[in-house]
Amino acid sequence: MTDDRRTLATSAVRLAPRLLGAVVTSEVGGQTVAIRLTEVEAYEGAADPASHAFRGPTTRTAVMFGPPGHLYCYFSYGMHWCANVVCGVDGTAAAVLLRAGRVIDGLDAARARRPAARRDVDLARGPARLAGCLALGSATNGVDLLDDSSQVRLTGVRSRRLTGVVAGPRVGISVATQAPWRFWLAGDPTVSSFKAGGRRRRGAGPAD
DNA sequence: AGGACGATTAACT
DNA sequence: GTTAATCGTCCTC
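Residues numbered from 1 in each chain as written. Chains lettered and ligands numbered in written order. Predicted model: local features only at pLDDT ≥ 70, side-chain atom pairs only at ≥ 80, totals over all residues. Heavy atoms only, no water.

**Side note on the overall build of chain A**
- Per the secondary structure count, chain A includes four helices and eight strands.
- For 208 residues, the compact-globule estimate of 2.2 N^0.38 gives 17 Å, and chain A sits close to it at 16 Å.
- In chain A, 60% of the contacts between residues at least 6 apart in sequence involve partners at least 24 apart.
- By element, 50% of the accessible surface of chain A is carried by carbon and sulfur atoms, the whole surface being about 10,400 Å².
- Counting 27 positive and 17 negative side-chain charges, chain A places the centres of these two groups 8 Å from one another. (Helix = DSSP H or I, 4+ residues; strand = E, 2+ residues; numbered from the N terminus. Rg over C-alpha atoms; globule rule 2.2 N^0.38 Å. Contact = heavy atoms within 4.5 Å. Areas by Shrake-Rupley, 256 points an atom, 1.4 Å probe, with all protein chains shown as cover. Lys, Arg positive; Asp, Glu negative; His and termini not counted. Charge placed at Lys NZ, Arg CZ, Asp CG, Glu CD.)

Spelled out as structure tokens, the structure:
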């Protein structure tokens, strides 16, 4: 295992704050787009009821159980794709959701992929928006982010977290809502606005 | 075989 | 502030 991959063979909570400031570069579709990460969330697999991997491996989550340094993409709400960096040692299912970032290369291609974005800081402000900018989806699920020949690569993972990294509750989940496993760069305009986790339950109103 | 529910976003009022 | 869009996945018959 390379040194780079070894640095990812750690828990999601330990890795997540060190991904802030790192760069994801996509060459999908022959267009280069690079994003500097400003917001992430840690998901710890078997120990974390909010993780897709909590109930054990399935077809969808197989990549999460593999070696670190690969990309886990999943389809959400019937419309969107979101992307994670798989971490932890081979056989565990930890991963870090890429929630937001700043486009630092390929601005024109990113704008073309996200016509709804009014400002450039909105292009990758949110996990599905970020995946849209980089054209991540089913075709990129499982790619090795540490292989120079991959269409999607991760560079610049820090050995120590940057100053200005803050932590708080994760977004959009209905269990384990209190764990402060969302990390972002304080004051950065590309970070998504906070929304409390725990959506309203349908068809489960008060019984009386 | 059927149904509930999303690690969301954009467009409304 | 609210809500529609839209479908794969997983759980329960």
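**Observations regarding the side chain of Ser150**
- With respect to the helices, strands and loops of the structure, Ser150 is situated in the loop between helix H4 (127-133) and strand S6 (152-155).
- Residue class for Ser150 comes out buried when judged on its relative accessible area of 12%.
- At a separation of 2.6 Å, a polar atom in the side chain of Ser150 contacts the main-chain carbonyl oxygen of Asp144. (Buried < 20%, exposed > 50% of the residue type's maximum accessible area, 1.4 Å probe, protein only. Polar contact = N/O pair within 3.5 Å; in protein donor to acceptor, adjacent residues only side chain to side chain.)

**Description of the side chain of Asn84**
- Here Asn84 is to be found in strand S4 (residues 80-86).
- A polar contact of 3.4 Å, which involves the side chain of Asn84, links it to the backbone nitrogen of Leu97.
- Apart from the residues lying within four places of it in its own chain, the contact partners of Asn84 are His70, Leu71, Tyr72, Tyr74, Ala95, Val96 and Leu97.

**As for the protein's contact with DNA strand C**
- Around DNA strand C there are eight residues in total, and Arg55, Thr58, Tyr77, Gly78 and Met79 lie nearest to it.
- Close to the protein, within 4 Å, the atoms of DNA strand C belong to sugar or phosphate groups at a rate of 69%.
- Note that a base oxygen of DNA strand C is positioned 2.4 Å from one of the backbone N or O atoms of Tyr77.
- Here the residues of the surface near DNA strand C sort into three nonpolar, two polar and three charged. (Near = heavy atom within 4 Å. Nonpolar A, V, L, I, M, F, W, Y, C, P; charged D, E, K, R; others polar.)

**Some thoughts on the protein's contact with DNA strand B**
- In the neighbourhood of DNA strand B, 24 residues make up the surrounding shell, with Tyr74, His80, Asn84, Arg114 and Arg129 lying closest.
- Here, DNA strand B places atoms within 4 Å of the protein, and 55% of those atoms are sugar or phosphate.
- Taking His80, its side chain carries an N or O atom lying 2.7 Å from a base oxygen of DNA strand B.
- A distance of 3.1 Å separates a phosphate oxygen of DNA strand B from a polar atom in the backbone of Pro127.
- Of all the secondary-structure elements, those providing two or more residues to the surface near DNA strand B are S4, strand S5 (95-105) and H4.
- Among the elements that take part in the surface near DNA strand B, H4 stands out by supplying three residues, more than any other.
- Taken together, the residues that form the surface near DNA strand B break down as eleven nonpolar, seven polar and six charged.

**Considering the pattern of salt bridges**
- On inspection of all chains with the given rule, the structure shows eleven salt bridges.
- Arg182 serves as the salt-bridge partner of Glu39, at 2.7 Å between the closest nitrogen and oxygen. Highlighted residues: Glu39 in strand S2 (residues 33-43) and Arg182 in strand S8 (residues 182-185), separated in sequence by 143 residues.
- With relative accessibility at 0%, the residue Glu39 sits in the buried group. (Salt bridge = Lys/Arg side-chain N within 4 Å of Asp/Glu carboxyl O.)

**Digging into helix H2 (residues 12-19)**
- Here H2 lies mainly inside the structure; six of its eight residues are buried.
- Considered for burial, the residues of H2 that qualify are Ala12, Leu15, Ala16, Pro17, Arg18 and Leu19.
- Immediately downstream of H2, the backbone of Gly21 shows phi near 100°, a positive value.

**Observations concerning the environment of Leu19**
- By the element assignment, Leu19 lies in helix H2.
- The spacing of Leu19 and Arg160 is 141 residues in sequence and 9.5 Å in space, taken between C-alpha atoms.
- Residue contacts for Leu19: discarding those within four places in its chain leaves Leu37, Val40, Val85, Val96, Leu154 and Val157.

**A look at the packing of aromatic side chains**
- Within this structure, the stated rule accounts for two aromatic pairs.
- Between Phe75 and Trp81, the ring centres sit 5.3 Å apart and the planes meet at 45°, which makes this aromatic pair tilted.
- Residue class for Trp81 comes out partly exposed when judged on its relative accessible area of 27%.
- Here Arg170 stacks its cationic end above the ring of Tyr43, 4.6 Å away from the centre of that ring. (Phe/Tyr/Trp six-rings, centres within 6.5 Å; stacked < 30°, edge-to-face > 60°. Lys NZ or Arg CZ within 6 Å of the ring centre and 35° of its normal.)

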